[in-house]
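Descriptive analysis of the structure
If you want the building blocks of each chain, they are given just below.
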Amino acid sequence: MENYIFEIIAIAILIGLIPAYIASRKGLSFIQWWIYGTLIFIVALPHSILTGGGGSKICPYCRCYLKINATRCRHCGYDFTEAL
Ligand SMILES: [Zn+2]
């Protein structure tokens, strides 16, 4: 009976690696998403796929990398909302 519990935990930790990997590819914390994926895989997996995460875009003025959902450049102050 106890072995069965350990097996479930082991599988949860392994499948938790999937959203952790997806999130880490987007520049997010691997460890955080691993724990998240281990605890609530069914939520973490679609969340990791759908999240904008740490994807980056380039500021047209200073050419620095910014988070994909940034509305203002943290270096030169360029406002992306005005460009839309
Ligand atoms: Zn800039």
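Residues numbered from 1 in each chain as written. Predicted model: local features only at pLDDT ≥ 70, side-chain atom pairs only at ≥ 80, totals over all residues. Heavy atoms only, no water.

Regarding the overall build of the protein chain
- Helix and strand counts for the protein chain come out as four helices and two strands.
- Listing every helix and strand of the protein chain by position from the N terminus yields α-α-α-β-β-α.
- The C-alpha atoms of the protein chain give a radius of gyration of 18 Å, which is well past the 12 Å a tight globule of 84 residues would have.
- Counting only C-alpha atoms and orienting by the principal axes, one finds that the protein chain spans roughly 60 × 20 × 15 Å.
- Burial analysis of the protein chain (84 residues in total) assigns 24% to the buried set.
- Accessible surface computed for the protein chain: about 6200 Å², of which carbon and sulfur atoms make up 66%. (Helix = DSSP H or I, 4+ residues; strand = E, 2+ residues; numbered from the N terminus. Rg over C-alpha atoms; globule rule 2.2 N^0.38 Å. Buried < 20%, exposed > 50% of the residue type's maximum accessible area, 1.4 Å probe, protein only. Areas by Shrake-Rupley, 256 points an atom, 1.4 Å probe, with all protein chains shown as cover.)

Examining the coordination of the zinc ion
- The protein atoms that coordinate the zinc ion are Cys59 (SG), Cys62 (SG), Cys73 (SG) and Cys76 (SG), at distances spanning 2.2 to 2.3 Å.
- Coordination geometry of the zinc ion: the four donor atoms subtend angles of 104 to 116° at the metal centre, consistent with an arrangement described as tetrahedral.
- Along the chain, the residues donating to the zinc ion fall in the pattern C-x2-C-x10-C-x2-C. Of this pair, Cys62 sits in the loop between β1 (56-58) and β2 (65-67) while Cys73 sits in the loop between β2 and α4 (80-83), and the two are 11 residues apart along the sequence. (Donors = N, O, S within 2.8 Å, 3.2 Å for Na, K, Ca; no water. Tetrahedral: all angles 85-135°; square planar, octahedral: opposite > 155°, others 65-115°.)

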